[in-house]
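# Structure assessment
Spelled out, the chains give:
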Amino acid sequence: MTLDDFAAVAEECRLPRFAAKQIADWIYVKRVDSIDAMTNLSIKGREQLKSRYRIGLVAPKESARSKDGTVKYLFDGRGGRDIEAVYIPDRDRATLCVSSQAGCRMGCRFCMTGRQGFHGNLDAYDILNQILAIPESLSLTNIVFMGMGEPMDNLPAVLKAIEILTAPWGLAWSPKRITVSSIGKLDSLKELLDKTKVHVAISVHSPVAVQRESLMPVEKAYPLKSVIELLRGYDFSKQRRLSVEYIMWRGVNDNLRSAQSLARLLKGLDCRVNLIRFHAIPDTPLETADDATMVAFRDRLNELGITATIRTSRGEDIAAACGMLAGKNNDAAI
């Protein structure tokens, strides 16, 4: 709930209006798991709250731990499809990759989530529960909306979750601790850019329209050139960062000609390119580029004035790496 939501709850339970901030503080700052713990509310008020509401935190159903320390958590989702969140510890950083949908309707050829089809949008509760209900919640330093689903396809819930994460009455996080990934759904992306200051990551994967459409059918509806044109209207030089996500496939988009095309596309745009190893999924002819090819591609981009790095893969042994999240049917094994 937002502060306005809590104000409506306070009125319903005949509590003073200032109780809205008290309730928010108990839930988002003190992280209580019981209404009885809200000791600065009257006993009668607490009883009224308990008769109508509950805190609502639901622990993960299952978890799997990688040899590299990554942990994948399984939560109830929508339409019979559970959802996954991935905790990634890395020295002084602790990142949680959260899902915004059960499944996905974007249909990217290389993504296990897309293969599951679309089972429903998560609401702000489902998103925040992934953040607040894991054992490592209090140690998190960063949130990335890079789990199951396309965040711009469920923007109202994503915006509400971001509001609660960043509001002074909520978790009071800096927007710089949050990154939202997107294939580039234009109207929703513009709204996110206008209404928040979070970092943005755009899934590119090929600078060539025909090739990108063969990998990502959304290219037809949201051409990459239009996405880049939109992004040029925003300042990414100071408080906000723009990342370009680029999965590399052997013999597909890993040659130096592709690097030059990508550099031309991004010329003048303040961004960083993340080169990502492809994590194999069943029944696909795609293979990851080898390390030497990725290094050469990175070096060529840097020579052409585009900052590029190779992202370290995490959690591949538990199917928690980029593109591998699939959730499960409620009667199947994780």
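Here's what I pulled together on the structure shown here. Treat the numbers as computed from the prediction; the structure is a model and nothing was measured.

Conventions used here
- The numbers attached to residues start from 1 for each chain and follow its sequence in the written order.
- Under the rules for a predicted model, residues below a pLDDT of 70 receive no local features and side-chain atom pairs below 80 are neither given nor counted, while totals for whole chains, interfaces and linings still include all residues.
- Where side-chain values are given, they derive from all heavy atoms of the structure, hydrogens and water being excluded.
- Strands are runs of DSSP state E lasting at least two residues, helices are runs of H or I lasting at least four, and both sets are numbered from the N terminus onward.
- As a reference, a globule follows 2.2 Å times the number of residues to the power 0.38, and the radius of gyration itself is taken over C-alpha atoms.
- Throughout this description, buried means an accessible area under 20% of the type-specific maximum (1.4 Å probe, protein chains only), exposed means over 50%, and partly exposed covers the range between.
- To be clear on the numbers: accessible area is Shrake-Rupley with a 1.4 Å probe, and residue cover counts the displayed protein chains and nothing else.
- For the charge count, each Lys or Arg is scored as positive and each Asp or Glu as negative, with His and the chain ends excluded.
- One atom stands in for each charge, and that atom is NZ of Lys, CZ of Arg, CG of Asp or CD of Glu.
- Here, a salt bridge means any Lys or Arg side-chain nitrogen found within 4 Å of an Asp or Glu carboxyl oxygen.
- Working definition: rings of Phe, Tyr and Trp (its six-membered ring) pair if their centres are within 6.5 Å, and the pair is stacked with planes under 30 degrees apart, edge-to-face with planes over 60 apart, and tilted otherwise.
- Note on geometry: a ring has a charge over it if NZ (lysine) or CZ (arginine) is within 6 Å of the ring centre and within 35 degrees of the ring normal.
- Convention adopted: a line fitted to C-alpha atoms gives each axis, helices being fitted over their contacting stretch, and angles between N-to-C directions are expressed from 0 to 180 degrees.
- Any angle that falls under 35 degrees is termed roughly parallel, while one over 145 is termed roughly antiparallel, one within 65 to 115 roughly perpendicular, and all others oblique.
- Put simply, a crossing is left-handed when the front helix is turned counterclockwise from the back one by less than a right angle, and right-handed when it is turned clockwise.
- In what follows, residue pairs with any heavy atoms lying within 4.5 Å of each other are defined as contacts.
- Gly is placed with the polar residues, together with every amino acid not listed as nonpolar (Ala, Val, Leu, Ile, Met, Phe, Trp, Tyr, Cys and Pro) or charged (Asp, Glu, Lys and Arg).
- A pair of strands is treated as paired once DSSP finds two or more bridges between them.

In terms of helices and strands, the chain carries 11 helices and 12 strands. In terms of C-alpha radius of gyration, the chain reaches 21 Å, essentially the compact-globule figure of 20 Å for 334 residues. By its C-alpha atoms, the chain is 70 × 45 × 40 Å across when sized along the principal axes. Across the 334 residues that make up the chain, the buried fraction comes to 54%. Surface accessibility of the chain: about 15300 Å² in total, with carbon and sulfur atoms responsible for 50%. Counting 46 positive and 40 negative side-chain charges, the chain places the centres of these two groups 3 Å from one another.

Take the pattern of salt bridges next. Using the criterion set out here, one finds 22 salt bridges in the structure. For the salt bridge of D90 with R91, the shortest nitrogen-to-oxygen distance reads 3.5 Å. Relative accessible area serves as the criterion here: at 78%, R91 is assigned to the exposed category. With its nearest N and O atoms 2.3 Å apart, the salt bridge here joins E245 to R311. You can see E245 sitting in strand β10 (residues 242-248) and its partner R311 sitting in the segment after β12 (307-310), a full 66 residues away along the chain. In this structure E245 comes out as buried when scored by relative accessible area, which is 4%.

Below, the discussion takes up the packing of aromatic side chains. Per the counting criterion, the structure on display carries 5 aromatic pairs. Residues Y28 and W169 carry aromatic rings whose centres are separated by 6.4 Å and whose planes lie at 45° to one another, so their mutual orientation is tilted. On the criterion of sequence distance, the pair formed by Y28 in helix α2 (residues 19-29) and W169 in the loop between α6 (155-166) and β8 (178-182) is long-range, its members being 141 residues apart. Note on Y28: relative accessible area 6%, which makes it buried. The aromatic ring of W26 is capped on one face by K30, whose charged end is 4.8 Å from the ring centroid. A cation over a ring is seen here: R105 above F118, with NZ or CZ 3.9 Å from the ring centre.

Right, let's get into the packing of α6 against helix α7 (residues 186-195). At a minimum axis distance of 11 Å, the contact between α6 and α7 shows a crossing angle of 15°. By the angle class used here, α6 and α7 are roughly parallel. As for the relative orientation of α6 and α7, their crossing is right-handed in sense. Here L155, L159 and I162 of α6 come into contact with α7, specifically with S188, E191, L192 and K195. For the contact of α6 with α7, the class distribution of residues is 4 nonpolar, 1 polar and 2 charged.

What follows is about the side chain of S243. Structurally, the position occupied by S243 is in strand β10. The exposure class assigned to S243 is buried, which follows from its relative accessible area of 5%. If we ignore the near neighbours within four places in the chain, the residues touching S243 are V200, A201, I202, R272 and N274.

Direction vectors running N to C along α7 and helix α9 (residues 224-231) enclose 20°, while the axes themselves pass 11 Å from each other. In terms of orientation, α7 lies roughly parallel with respect to α9. Taken as a pair, α7 and α9 cross one another with a handedness that is right-handed. Taken together, the residues of α9 that come into contact with α7 (itself represented by L186, L189, K190 and L193) are S226, V227, L230 and L231. Along the lines of polarity and charge, the residues of the contact of α7 with α9 split into 6 nonpolar, 1 polar and 1 charged.

One non-glycine residue with positive phi stands out, namely R31, at about 55°. Mapped onto the elements, R31 comes out in the loop between α2 and α3 (43-52). For A172, which is not glycine, the phi dihedral falls at a positive 60°.

Okay, the sheet that holds strand β1 (residues 62-65) next. Note on sheets: strands pair through backbone hydrogen bonds, and any given pair is parallel or antiparallel. Reading across the sheet, the 10 strands line up as β1-β2-β3-β4-β7-β8-β9-β10-β11-β12 and stay open at both edges, with mixed pairing between neighbours. Among the strands making up the open sheet, the edge pair consists of β1 and β12. On average, each strand axis in the sheet is tilted by 25° relative to the strand beside it, whichever way the strands run. As paired strands, β1 and strand β2 (residues 71-78) are joined by 4 bridges and run antiparallel to one another. Directly across from R65, in β2, lies its bridge partner V71.

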